[in-house]
Amino acid sequence: QVQLVESGGGLVQPGGSLRLSCAASGSIFSINAMGWYRQAPGKQRELVAVITSSGSTHYADSVKGRFTISRDNAKNTVYLQMNSLKPEDTAVYYCQLVTPTYDYWGQGTQVTVSS
C-alpha cells in the first residue's frame, strides 16, 4: 500500500529554479534510500540524485553543483532543489523509494526548461 506522490514540476526558463517534492505514504517500516531519476524522450532513465538512510548523497555528474537532494525523515519526504536549469534537464522526473524488500516508484512529474 505504499504510494509516492511527486509535485513541483513545470515550465521554467534556462537559468531558473524548481523544487521537486516526493512524499511517501503507506506501510513503510524502514527506508534504505530515496532518490530521483529522470528520463528524456528517446533516452534511458538515469539516476539524478540519491540520499541514503545515513544521509550520504550521490549526484549525476551532469547535475553536480546545481541540484541538491534533501529529506524530511518525519514526513518521509524527499526534495530535489534544481538551480541553474538547462534545456538538457528537460525530462520526466521520477521519485524512488528503496526499502529492504522492494523498490517503489512515483508516477513522474514533467520538468521543461525552455525559453
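Above this text is the structure in question.
What comes next is a walk through the structure. (Residues numbered from 1 in each chain as written. Predicted model: local features only at pLDDT ≥ 70, side-chain atom pairs only at ≥ 80, totals over all residues. Heavy atoms only, no water.)

### Side note on the nonpolar core
Line of reasoning, step 1. The biggest cluster of nonpolar side chains holds 29 residues, and the ones touching the most others in it are Trp36, Leu80, Met82 and Tyr93.
Line of reasoning, step 2. Among the secondary structure elements, those contributing two or more residues to this core are strand E3 (18-25), strand E4 (33-39), strand E5 (46-52), strand E7 (67-72), strand E8 (77-82), strand E9 (91-98) and strand E11 (109-113).
Line of reasoning, step 3. Discounting chain neighbours no more than four positions away, the residues touching Tyr93 are Glu6, Leu20, Trp36, Tyr37, Arg38, Val48, Phe67, Leu80, Met82, Gly108, Thr109 and Val111. (Core = buried A, V, L, I, M, F, W, Y, C linked by side-chain atoms within 4.5 Å. Buried < 20%, exposed > 50% of the residue type's maximum accessible area, 1.4 Å probe, protein only. Helix = DSSP H or I, 4+ residues; strand = E, 2+ residues; numbered from the N terminus. Contact = heavy atoms within 4.5 Å.)

### A look at the sheet that holds strand E1 (residues 3-7)
Line of reasoning, step 1. Pairing is antiparallel across the open sheet formed by four strands, whose spatial order is E1-E3-E8-E7. Edge positions in the open sheet fall to E1 and E7, since each of these has one partner strand only. Across this sheet, the average inter-strand angle for adjacent strands is 15 degrees, counted without regard to direction.
Line of reasoning, step 2. With six bridges joining them, E7 and E8 adopt antiparallel strand pairing. Residue pairing in the sheet places Asp72 in a bridge with Thr77 of E8. (Pairing = 2+ DSSP bridges. Axes fitted to C-alpha atoms, helices over the stretch in contact; angles between N-to-C directions.)

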